[in-house]
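Structure assessment
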Amino acid sequence: MYQENIQVDLEQQRQITNLSPRERLVRYLPYLPWLIACALLALFLAYLKLRYQPRIYSVNSTLMVKDPVIMGKGQDRMEDMIFANPNKNINDEMQVIRSRNLGLRVVRSLGLELQYYNLGSVRVTLVKSSESPFLLRILGLRDSAAGFRMPVKYLNEREFNLGDDPKPLPFGQPFETSEGRFLMERNPSGMDIGAFVKSDFIVEYVNPSSRTDQMVANIFAVPSGESNNIMQLTYESENPKVGAELLNQWMREYQLAGLEEKRLAAENTLAFINQQLESANDELGSVEKNMMVIRQRNKGFNPEIQSEQILSAISETEKEITKLGVQQKIVDNLISYVGDTRNPYRQVGTILGIEEPTLAAQVMEFNNLQVQRETILKTTTRSNPMVVSMETAIE
């Protein structure tokens, strides 16, 4: 029986194989409408996906993270003493770019706690705040850590509806909700309402810390590959104008943070130099006064009594004594400056007049520890074991 079934199957396969093209077409023609229907359905679903899926745009920019060398060697050494090392490591700066501290500055400067969305028939579109037909002002929040979404229907240039409330509210008049107290204003520089799909909008509020986490997650920093000094920044957003504005502000805040760091280092160095100069002036004045008393008592300026050789020897000796006294005072000031417990994490700008290579190496190591601590604190807290270890080494 089994063999007979096998023979029947083989016979059917031979018949199918021997079919002409016309016979094959007639055989499968009843299934053609189903094939066409499946193809049309697949095309329709692909169209819906492409039509209503949110588009994600990638905005790119480049940033120089290392100052080019344009000065002479002497000026370079002076800049190294003042700013502790102006040339930046690109890997460290990539971490600074993606730090929450820098992201929080961008969020607050652009007011990104509030974002505006236009509701279409299916898709929700992110709107740049400067192009929104209205702007929401927060007068007071009951819970600043909690976010909210506020539906707004734009009626005309004077009124709007809030959520499902049919009562229109005028622009420019404060109103209260369960989230807090607000003021809705017309945006004179915003786009005309006819440019939007519908007049329905959503205003979303997220606290700055959470918004910062969202921004940092969408920004990427990598070396450009063309130069060790160039970094390529990429930000992904639903609105390319929003992405370009945020990326420009991100680079601006990065530059401002660098300038603030340099200004702080320069102020610390200037304060240390001024302190040294005051102490040196007092010491020199005391030495010169003592020199005048000694000369008057011993009548040291009588050319008939003293020889030129003795005067030269005394002068050289006094200069050496003065130099050693000044160096001793500078060392005392340096010890007092470094041992100040009220502000132990300051850099030592420079050592004037001290020609001791071991001391200079120790000061450079002390400054490097301070710079590494400040760099790590931009991305972590003082409780980090690495920061604790550095503070122990500094103390």
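Above this text you will find the structure in question.
Residues numbered from 1 in each chain as written. Predicted model: local features only at pLDDT ≥ 70, side-chain atom pairs only at ≥ 80, totals over all residues. Heavy atoms only, no water.

Observations regarding the overall build of the protein chain
Of regular secondary structure, the protein chain possesses 11 helices and 12 strands. Out of the 395 residues belonging to the protein chain, those deemed buried represent 30%. Here the contacts in the protein chain between residues at least 6 apart in sequence split such that 66% fall between residues at least 24 apart. With an accessible surface of roughly 26,000 Å², the protein chain has 55% of that area assigned to carbon and sulfur atoms. (Helix = DSSP H or I, 4+ residues; strand = E, 2+ residues; numbered from the N terminus. Buried < 20%, exposed > 50% of the residue type's maximum accessible area, 1.4 Å probe, protein only. Contact = heavy atoms within 4.5 Å. Areas by Shrake-Rupley, 256 points an atom, 1.4 Å probe, with all protein chains shown as cover.)

Details of helix H6 (residues 100-110)
Listed as buried for H6 are Leu-102, Gly-103, Val-106 and Val-107. Looking straight down H6, one finds that the buried residues subtend no more than 140° of arc, so they occupy a single side. Residue Gly-111 follows H6 closely and has a positive phi angle near 65°. (Arc of directions from axis to C-beta.)

Brief notes about the pairing of strand S10 (residues 200-205)
In terms of residue burial, S10 counts as a mostly covered element, since six of its six residues are buried. Burial of S10 is two-sided: the residues Asp-200, Ile-202 and Glu-204 facing one way and the residues Phe-201, Val-203 and Tyr-205 facing the other way are all buried. Direction of pairing for strand S2 (residues 114-119) relative to S10: antiparallel, over a ladder of five bridges. When the sheet's bridge partners are listed, Asn-118 is paired in S10 with Phe-201. Bridge count for strand S5 (residues 148-154) against S10 is six bridges, and the pairing is antiparallel. (Pairing = 2+ DSSP bridges.)

Overview of the packing of H6 against helix H7 (residues 208-218)
Close contact between H6 and H7 brings their axes to 9 Å; oriented N to C, the two are set at 110°. Taken together, the axes of H6 and H7 are roughly perpendicular relative to one another. Pair H6 / H7 crosses with right-handed handedness. Residues Arg-100, Gly-103, Leu-104, Val-107 and Arg-108 of H6 pack against Pro-208, Ser-209, Arg-211, Thr-212, Asp-213, Met-215 and Val-216 of H7. (Axes fitted to C-alpha atoms, helices over the stretch in contact; angles between N-to-C directions. Parallel < 35°, antiparallel > 145°, perpendicular 65-115°, else oblique. Left-handed = near helix turned anticlockwise from the far one by under 90°.)

These results come straight from atomic positions and should not be treated as a statement about function.
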